[in-house]
Amino acid sequence: MDRHVVAAVDGSRQSLAAAQWAAGEALRRGVPLRLVHAWTWDPRPAATVPMGTSRRAWAEETLRSAAGGVRAAHHGLDVTELLVKTDAVVDALVAAAAGAEVAVLGSRGLGPLAGFVLGSVSQRVVARSPRPVVLVRAGVTRSGEHLPAGDGIAPEEIPGTPYRDVVLGLDTRRPCDELLAFAFDCARRRPGARLHVVHAYGAALRDLAGGPADTLPAPAGVLAEQERALVAAVRPWCGKYPEVPVVETVAEGRAAAELVRASAGASLVVVGRRDHGTHRPGPHVGPVTHAVLHHVACPVAVVPHE
């Protein structure tokens, strides 16, 4: 695998925001950016294609325009373009993601309360990609990744302006090296960012007691036990990434709600997706990850793991 970040573009506002975010990620990683546009031939005219323009010509213009915008905003970044004609857009994007360190897709947002509308393509790519996929909403900007700077000054214009936190949702019942490695690495690449590790154990109590978690009193020592489990999972990675400040939160409640709460003011939220292989056909991302994708406003990285 040649090292690069890949972003899918289709001319929409959310895909252009994804391309710009992917460019920043490529710079942080010191790798090239590959922009991909997958298009299908159809004899019927599409509403998005101008009159008198062929689908291929419009696809070429869509990709060229997105690449031009990225190059103008990120001087010196190595940007390549890949136009793919295909009968299966999802297959083409999954194949593009498979060869990248990170794949980035746009996600249509309906506002802070409505959350994401993923769409079938995005959801299926996230569910099938063997590599981490980041979902980016329209309106996400480079400035939003950093803590506020002085009045009238964009944070990215001041070298060393700290990044906002990276938030990691971790289930200590299922240790996941891939998820921890990705989150620590992302935090390391964002100077000044803390890694905020969130573990909610309401689901564990419900499983053990057979009733709704919010109706159960926390047994004595459960909180301390959950805290010890989180420290044990995170400690080895703190040794590998001593430069990353780590904040740990253990809460009795629903994992999705705790992650949405923690995401306020974050630059990135990292969640996992269990790779079920061929045992569960169809797109599956898990209920917690699904909820986070629908309700978190900042970019969300979905990391596949066993």
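Now for a quick tour of the structure.

Criteria and cut-off values
Residues numbered from 1 in each chain as written. Predicted model: local features only at pLDDT ≥ 70, side-chain atom pairs only at ≥ 80, totals over all residues. Heavy atoms only, no water. Helix = DSSP H or I, 4+ residues; strand = E, 2+ residues; numbered from the N terminus. Buried < 20%, exposed > 50% of the residue type's maximum accessible area, 1.4 Å probe, protein only. Areas by Shrake-Rupley, 256 points an atom, 1.4 Å probe, with all protein chains shown as cover. Pairing = 2+ DSSP bridges. Phe/Tyr/Trp six-rings, centres within 6.5 Å; stacked < 30°, edge-to-face > 60°. Contact = heavy atoms within 4.5 Å. Axes fitted to C-alpha atoms, helices over the stretch in contact; angles between N-to-C directions. Parallel < 35°, antiparallel > 145°, perpendicular 65-115°, else oblique. Left-handed = near helix turned anticlockwise from the far one by under 90°. Nonpolar A, V, L, I, M, F, W, Y, C, P; charged D, E, K, R; others polar. Salt bridge = Lys/Arg side-chain N within 4 Å of Asp/Glu carboxyl O. 1 Å grid on protein atoms, 1.4 Å probe; cavity = no way out; pocket = protein on both sides within 12 Å on 5 of 7 lines; lining within 4 Å. Points joined across faces, edges and corners; volume = space filled by probe spheres on them. Expected span 1.5 Å × (residues − 1). Core = buried A, V, L, I, M, F, W, Y, C linked by side-chain atoms within 4.5 Å.

For the rest of this paragraph, the subject is the overall build of the protein. Across its full length, the protein holds nine helices and 11 strands. In the protein, which comprises 306 residues, the share counted as buried stands at 46%. Summed over its atoms, the accessible surface of the protein is roughly 14,800 Å², and 55% of this surface lies on carbon and sulfur atoms.

A separate point is the pairing of strand β8 (residues 195–200). Counted residue by residue, β8 has six buried out of six residues, so it is predominantly covered. Here β8 shows two buried faces, one formed by L195, V197 and H199 and the other by H196, V198 and A200. Sheet analysis places strand β7 (residues 166–169) next to β8, joined by four bridges and oriented parallel. Counted as the bridge partner of G169 is V198 from β8. Direction of pairing for β8 relative to strand β9 (residues 246–251): parallel, over a ladder of six bridges. Within the sheet, the bridge partner assigned to V198 lies in β9 and is T249.

A regular strand places its side chains on the two faces of the sheet in alternate fashion. Along strand β6 (residues 133–137), five of the five residues are buried, which leaves the element largely enclosed by surrounding structure. Two strands pair when backbone bridges link them, and β6 and strand β11 (residues 300–305) are joined in this way by three bridges, in the antiparallel orientation. When the bridges of β11 are listed, V133 appears paired with V302.

Counted by the stated rule, this structure contains two aromatic pairs. Ring centres of F184 and W237 lie 6.5 Å apart, and the angle between their planes is 25°; on these two criteria the pair is classed as stacked. Residue F184 is located in helix α5 (residues 177–188), and its partner W237 is located in helix α7 (residues 222–240); the two are separated by 53 residues in the primary sequence. Like F184, the residue W237 is buried in the burial classification. Taken together through their ring pairs, the aromatic side chains of F184, W237 and Y241 make up a single cluster.

Another aspect to go through is the environment of I158. Considering the arrangement of structural elements, one finds I158 in the loop between β6 and β7. Leave out the neighbours within four places in its chain, and I158 touches A149 and I153.

Look at helix α1 (residues 13–29) against helix α2 (residues 55–73): their axes get within 10 Å of each other, and the N-to-C directions meet at 40°. As the angle between them shows, α1 and α2 are arranged oblique. Here the hand of the crossing between α1 and α2 comes out right-handed. Where α1 abuts α2, its residues L16, A19, Q20 and A23 lie against A66, G69, V70 and A73. Tallied by class, residues from the contact of α1 with α2 come to six nonpolar, two polar and no charged.

Now for the pattern of salt bridges. Overall, the coordinates contain 17 salt bridges when judged by the stated rule. With a closest N to O distance of 2.8 Å, D185 and R188 form a salt bridge. Highlighted residues: D185 and R188, both in helix α5, separated by three residues, approximately one helical turn. Residue R188 is classed as partly exposed on the basis of its relative accessible area of 35%. Three or more residues are tied together by salt bridges with common partners; here these are R3, E25, R28, R29, E101, E145, D185, R188, R189 and R190.

What follows deals with the environment of V79. Tracing the backbone through its elements, the reader meets V79 in strand β3 (residues 79–85). Since its relative accessible area comes to 8%, V79 is described here as buried. With near-sequence residues (within four places) excluded, V79 lies in contact with L33, L35, V70 and R71.

The subject of this paragraph is empty space enclosed by the protein. Scanning the model with the defined rule gives one cavity of 30 Å³ or more in all. In this structure, the largest cavity occupies an estimated 50 Å³ of space. Taken together, V6, A7, A8, V36, L93, A96, A97, A103, V104, L105 and V125 make up the lining of the largest cavity. Mapped onto the lining of the largest cavity, the elements with two or more residues apiece are β1 (5–8), α3 (89–98) and β4 (102–109). Looking at the lining of the largest cavity residue by residue, the classes come out as 11 nonpolar, no polar and no charged.

Look at α5: 16 Å from first C-alpha to last across 12 residues, which is about the 16 Å you get at 1.5 Å a residue. Residues of α5 that are buried include every one of L179, L180, F182, A183, F184, D185, C186 and A187, and no others.

Side chains of a nonpolar character, in soluble globular proteins, are inclined to be buried together. If you look at the biggest cluster of nonpolar residues, it comprises 48 residues, and the most contacted ones within it are L33, L35, V104, L168, L195 and V270. Not counting residues within four places of it along the chain, the set of residues in contact with L195 comprises V166, L168, A183, F184, A187, V244, P245, V246 and V247. In terms of nonpolar packing, the next biggest core, distinct from the first, is built from 32 residues, V6, V94, V300 and V302 among them.

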